[in-house]
Amino acid sequence: MQQVNLGIIGGGTVGGGVFQAIQRNGALISSRLGVRLHVAKMAVRNIHKPRPVKIPAALLTTDWAGVVNDPQVTLIVELIGGTTTARELVLNALKLGKPVVTANKALLSAHGEELFEAAQNSRTNLYYEASVAGGIPIIKVLREGLIGNRITRLYGIVNGTCNYILTRMKAEGADFADVLAQAQRLGYAEAQPSLDIDGHDAAHKIGILASLAHGFWVGPKQIYVEGIRNITRLDVQFAQQLGYTIKLLGIVKKAGPVAGARRKPNGYAPVQVSVYPTLVPNAHVLASVNDVFNAIYVRGDVVGDTLYYGRGAGQDATASAVLSDLADAALDLKCGTKSRIPPFVPHEREGAVLPIDEVVARYYVRLNVIDKPGTLAKIAAIFGRSKIGISSVIQPEGHEGESVPLILMIHDATNAAITRALATIGALSVVKAPPAMIRVENFE
Ligand SMILES: NC(=O)c1ccc[n+]([C@@H]2O[C@H](COP(=O)([O-])OP(=O)(O)OC[C@H]3O[C@@H](n4cnc5c(N)ncnc54)[C@H](OP(=O)(O)O)[C@@H]3O)[C@@H](O)[C@H]2O)c1
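Just so we're clear, the structure is a prediction, and the values are computed from it rather than from any experiment. (Residues numbered from 1 in each chain as written. Predicted model: local features only at pLDDT ≥ 70, side-chain atom pairs only at ≥ 80, totals over all residues. Heavy atoms only, no water.)

Enquirer: Explain the site of the ligand to me, please; I cannot follow it from the model alone.
Expert: Around the ligand sit 22 residues in total, of which Val14, Asn46, Lys49, Arg51 and Gly314 are the nearest. Isolated, the ligand exposes 900 Å² of accessible area, and the fraction of that covered by the protein chains is 79%. A per-class count over the shell around the ligand returns nine nonpolar, nine polar and four charged. (Near = heavy atom within 4 Å. Areas by Shrake-Rupley, 256 points an atom, 1.4 Å probe, with all protein chains shown as cover. Nonpolar A, V, L, I, M, F, W, Y, C, P; charged D, E, K, R; others polar.)

The structure is reproduced here in structure tokens:
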């Protein structure tokens, strides 16, 4: 049986998981593929470090370049993370014509265009199933399963840490800071949690999915990102009373009729690509995706609505995704397939991301106002002058004191219009704190 010799760079959570999974299911994979996956070398930073997954000492080295350059090694697996050494090693391997499997969304987000171009120039492949949503095979879904569709909508809960925090805030009526501390104790959040809670990790993943869905490269600077650190217990509770659940959603959607006015002369409608906390109607399936689970909801013009759900991170889930890439890569090596579909169509880079100011949405607005006659009229007048419609006003009971919460649900308005109106409202003397605004998604 033909054998593929793997050089795995990184033997941490994912690397250890991949090694273990190959021990467990390597024979099964070989029987399915007709190709044997053989771990030839594994590079780590410290070969003496105790590891939860035992890796034979003979496989270990600290010399990643030696692994990449070893002529016996035919497939490179990058599992070290980061964007510096990882970029160098992936580029080196691709330039040698060796296919590379990576789980590194930060690397792809920062240098994807360069890396995919290098793969193409060397007539080899870069595989990245584990870079988005862990065990959910969403890359394969978009690249192959839905290839006959135009993707009109994609909504993703793709950061397990944020989903865990929002789930606990809702279930326990707890404050953000308390749940974050709990998540850190349980190992669901990093000691430095900014990458997750400020939405950047989700943006890395959503950029990859947007590129794949729309055929042009979407870099991190083009993605509008808001995290969850300003979501309060009050917002979670009011959203619940209104029939919604707050989720951090990655959104990729073709611009609607209003923004469609910006359709470019070449016929491409711009695409919204953003990550922000969103009020999701409780009746929608994404509202029930809880704890660290991920889900991606994709609408294709032929297939209609589809949903993908599972563990978005963790040793075994991520190893499962890496194994899927290893199987693809092994078969491609066996069959001599030189060009997998990259996450954009080369030279088809005409698409455009819709600037956030032009994105049209509905909004939940929470104000802290002085409880006296005339307050609502002043606020309504500002929305009126901005031609923004209010669909409902709720003054929750049980709040006494000089200032009280006032909740407004706002009809479709552009981001620019609502931002301007809220700045004016925030400056009113009857408004006692900066307005809180969360977008509402109705999945039409
Ligand atoms: N963890 C997850 O659930 C998950 C999910 C999806 C994707 N990912 C992605 O998978 C990648 C790996 O994540 P991880 O959680 O497995 O990280 P990790 O546990 O920190 O493991 C990193 C591994 O890389 C090795 N390493 C670092 N720098 C190296 C160098 N210069 N030369 C050789 N080895 C080096 C480390 O060696 P030592 O062991 O000696 O320190 C360690 O084995 C990241 O890109 C991450 O974003 C992770």
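On we go.
Enquirer: Sorry if this is basic, but what is going on with unusual backbone geometry here?
Expert: Residues apart from glycine generally show negative phi values, whereas peptide bonds are mostly found in trans. Positioned with a positive phi, Arg123 is a non-glycine residue whose angle comes to about 50°. Its place among the elements puts Arg123 in the loop between helix 4 (105-121) and strand 6 (126-127). Owing to a relative accessible area of 51%, Arg123 belongs among the exposed residues under this scheme. Residue Phe443 is not a glycine yet carries a positive backbone phi of 60°. Here Phe443 lies in the segment after strand 16 (436-440). (Helix = DSSP H or I, 4+ residues; strand = E, 2+ residues; numbered from the N terminus. Buried < 20%, exposed > 50% of the residue type's maximum accessible area, 1.4 Å probe, protein only.)

Enquirer: Sorry, what's going on with the environment of Ile390 here?
Expert: Along the chain, Ile390 turns up in strand 14 (residues 390-394). As for Ile390 and Arg362, which are separated by 28 residues in sequence, their C-alpha atoms are 9.8 Å apart. The contacts of Ile390, once residues within four sequence positions are left out, are Ala380, Phe383, Leu408, Met409, Ile410 and His411. (Contact = heavy atoms within 4.5 Å.)

Enquirer: In this structure, what is going on with the side chain of Arg439? I would like to understand it.
Expert: Considering the arrangement of structural elements, one finds Arg439 in strand 16. The class for Arg439 is buried, based on a relative accessible area of 2%. Ignoring sequence-local partners within four residues, the contact set of Arg439 consists of Tyr224, Glu226, Tyr276, Pro277, Thr278, Leu279, Ile356, Ala361, Arg362, Tyr363 and Asn415.

Enquirer: How do you make sense of the domain arrangement of the protein when you look at a structure like this?
Expert: Size of an interface, as often reported, equals the accessible area lost when the parts are brought together. Parsing the protein into structural domains produces domain 1 (2-139 + 316-335), domain 2 (142-312) and domain 3 (359-440). A C-alpha centroid distance of 51 Å is found between domain 1 and domain 3. (Domains from an automatic or database assignment.)

Enquirer: Teacher, can you tell me more about the sheet that holds strand 2 (residues 35-43) here?
Expert: In sheet architecture, strand pairing relies on hydrogen bonds along the backbone and comes in two forms, parallel and antiparallel. Sheet architecture is open: six strands sit in the order 3-2-1-4-5-6, paired in parallel fashion. The open sheet is flanked by strand 3 (60-61) and strand 6, the only strands paired with a single partner. One ladder, built from eight bridges, connects strand 1 (residues 2-9) with strand 2; its direction is parallel. For Ile9, the partnering residue across the bridge sits in strand 2 and is Ala43. Packing of helix 3 (residues 85-95) onto the sheet brings it into contact with strand 1, strand 4 (75-78), strand 5 (100-102) and strand 6, and relative to strand 4 it is tilted by some 165°. (Pairing = 2+ DSSP bridges. Axes fitted to C-alpha atoms, helices over the stretch in contact; angles between N-to-C directions.)

Enquirer: Which parts of the structure should I look at to understand the pattern of salt bridges?
Expert: Two side chains bearing opposite charge may form a pair once their charged atoms approach each other closely. For the structure shown, the criterion picks out 16 salt bridges. Residues Lys105 and Asp201 are paired through a salt bridge, measuring 3.8 Å at the closest nitrogen-oxygen approach. With Lys105 in helix 4 and Asp201 in helix 9 (residues 200-214), this residue pair connects regions lying 96 residues apart in the sequence. Residue classification places Lys105 among the partly exposed residues on the basis of a relative accessible area of 25%. Relative accessible area serves as the criterion here: at 5%, Asp201 is assigned to the buried category. Put simply, Asp175 and Arg233 hold a salt bridge, and the shortest N to O gap is 3.0 Å. Of this pair, Asp175 sits in the loop between helix 6 (160-172) and helix 7 (176-186) while Arg233 sits in helix 10 (residues 233-241), and the two are 58 residues apart along the sequence. One continuous salt-bridge network, built from bridges that share partners, spans Lys140, Arg143, Glu144 and Asp328. (Salt bridge = Lys/Arg side-chain N within 4 Å of Asp/Glu carboxyl O.)

Enquirer: What is the right way to read helix 3 from this model?
Expert: Count 3.6 residues to each turn of an α-helix, and residues three or four apart come out pointing the same way. Inspection of helix 3 places Ala86, Leu89, Val90, Leu91, Ala93 and Leu94 among the buried residues, and these make up the whole buried set. Against the buried residues of helix 3 lie strand 1, helix 2 (64-69), strand 4, strand 5, helix 4 and strand 6. Gly97 occupies a position one or two residues after helix 3 and carries a positive phi of about 80°.

Enquirer: Just to check I follow, could you spell out the pairing of strand 13 (residues 360-370) for this structure?
Expert: Side-chain positions along a regular strand alternate between the two faces of the sheet. Of all 11 residues in strand 13, eight are buried, a share of seventy percent or more. Alignment of strand 13 against strand 15 (residues 403-414), held across 10 bridges, turns out to be antiparallel. In the strand pairing of strand 15, Ile370 is matched with Ser403. Across five bridges, the pairing between strand 13 and strand 16 is antiparallel. Across the sheet, Arg366 pairs through a bridge with Ala436, a residue of strand 16.

Enquirer: Got a minute to help me understand the environment of Leu408 in this structure?
Expert: Along the chain, Leu408 turns up in strand 15. Using a relative accessible area of 0% as the deciding quantity, one classes Leu408 as buried. Residues Leu408 and Ile382, 26 residues apart in the sequence, show an inter-C-alpha distance of 13 Å. Setting aside its immediate chain neighbours within four residues, Leu408 contacts Tyr363, Tyr364, Val365, Leu367, Leu376, Phe383, Ile390, Ser392 and Val393.

Enquirer: What exactly am I supposed to notice about the packing of aromatic side chains here?
Expert: This structure, assessed with the given rule, holds seven aromatic pairs. Measuring from centroid to centroid gives 6.3 Å for Tyr155 and Tyr297, while their planes differ by 50°, and the two rings are tilted. Placement of Tyr155 in strand 7 (residues 151-157) and of Tyr297 in strand 11 (residues 293-300) is noted, with a sequence separation of 142 residues between them. Given the relative accessible area of 0%, Tyr155 is considered buried. Classification of Tyr297 by relative accessible area gives buried; the value is 10%. (Phe/Tyr/Trp six-rings, centres within 6.5 Å; stacked < 30°, edge-to-face > 60°.)

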